[in-house]
Amino acid sequence: MTLDKQLSILSNHHRRRVLLALVDTGPQTTPTGSTAMVETDGGDQPQTIAMWHIHLPKLADHGFVDWDRETQRVRKGPQFDEIEPLLTVLSENHDILPVSGIPD
């Protein structure tokens, strides 16, 4: 996968957070709850809807995650190793990068 495609995937802070969480930890439970919101062009929409219908499918389609909808678990996918070096750079340099959405 080209760097441009990887950067496109990482252009959304919700997808970055999912992938960065998988670098440091194991499987994650997908975000749920009515208090978590995501900004969209049409206003706010529950983050769960955006995660389920936009972000997690996109990550799964590229093979970066394996997503089990029933258990709401996300694991590293078969192509995760392709994007992990870029995620490591972002993680190690989060304090100097002008990028929002990179957890401390």
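Model, not experiment: these values are computed from the prediction.

Thresholds, definitions, all that
Residues numbered from 1 in each chain as written. Predicted model: local features only at pLDDT ≥ 70, side-chain atom pairs only at ≥ 80, totals over all residues. Heavy atoms only, no water. Salt bridge = Lys/Arg side-chain N within 4 Å of Asp/Glu carboxyl O. Phe/Tyr/Trp six-rings, centres within 6.5 Å; stacked < 30°, edge-to-face > 60°. Helix = DSSP H or I, 4+ residues; strand = E, 2+ residues; numbered from the N terminus. Buried < 20%, exposed > 50% of the residue type's maximum accessible area, 1.4 Å probe, protein only. Pairing = 2+ DSSP bridges. pLDDT = per-residue confidence, 0-100. Contact = heavy atoms within 4.5 Å. Core = buried A, V, L, I, M, F, W, Y, C linked by side-chain atoms within 4.5 Å.

K.L.:
Which parts of the structure should I look at to understand the pattern of salt bridges?
P.N.:
This structure, assessed with the given rule, holds 1 salt bridge. Of the charged contacts in the structure, one is a salt bridge between Lys 76 and Glu 84, with a shortest N-O distance of 3.9 Å.

K.L.:
What's the story with the packing of aromatic side chains in this structure? I'm lost.
P.N.:
Where two aromatic rings form a pair, the distance of their centres and the angle of their planes describe that pair. Going through the model one piece at a time under the given rule, you end up with 1 aromatic pair. Note on Trp 52 and Trp 67: the rings are 5.4 Å apart at their centroids and 85 degrees apart in plane angle, and the pair reads as edge-to-face. Taken as a pair, Trp 52 in helix H3 (residues 47-61) and Trp 67 in strand E4 (residues 65-68) lie far apart in primary sequence, 15 residues in all. Trp 67 gets classed as buried once you look at its relative accessible area, which sits at 16%.

K.L.:
Sorry if this is basic, but what is going on with the pairing of E4 here?
P.N.:
For a regular strand, the rule is simple: side chains alternate between the two faces of the sheet. Burial along E4 is one-sided: Val 65 and Trp 67 are buried, while Asp 66 and Asp 68, pointing the other way, are not. For E4 and strand E5 (residues 73-76), the ladder comprises 4 bridges, and the chain directions are antiparallel. For Trp 67, the partnering residue across the bridge sits in E5 and is Val 74. Hairpin connection, E4 to E5: the antiparallel pair is bridged by 4 residues, and Gln 72 has positive phi, about 55 degrees.

K.L.:
Would you mind showing me how to read the confidence of the model for the protein here?
P.N.:
Residues of the protein with pLDDT of at least 70 account for 73%, and the chain-wide mean is 77. pLDDT under 50 marks residues 32-44. Its contacts with residues more than four places away, or in other chains, come to 18 contacts.

K.L.:
Teacher, can you tell me more about the nonpolar core here?
P.N.:
One broad rule of soluble globular proteins: the nonpolar side chains tend to lie buried together. By size, the foremost hydrophobic cluster in this structure holds 20 residues, and its most contacted members are Leu 19, Leu 59 and Leu 87. Among the elements of the structure, helix H2 (13-24), H3, E4 and helix H4 (80-92) are those that each provide at least two residues to this core. Once residues lying within four places of it in the same chain are set aside, the contact partners of Leu 87 are Leu 10, Leu 19, Leu 20, Val 23 and Phe 80.

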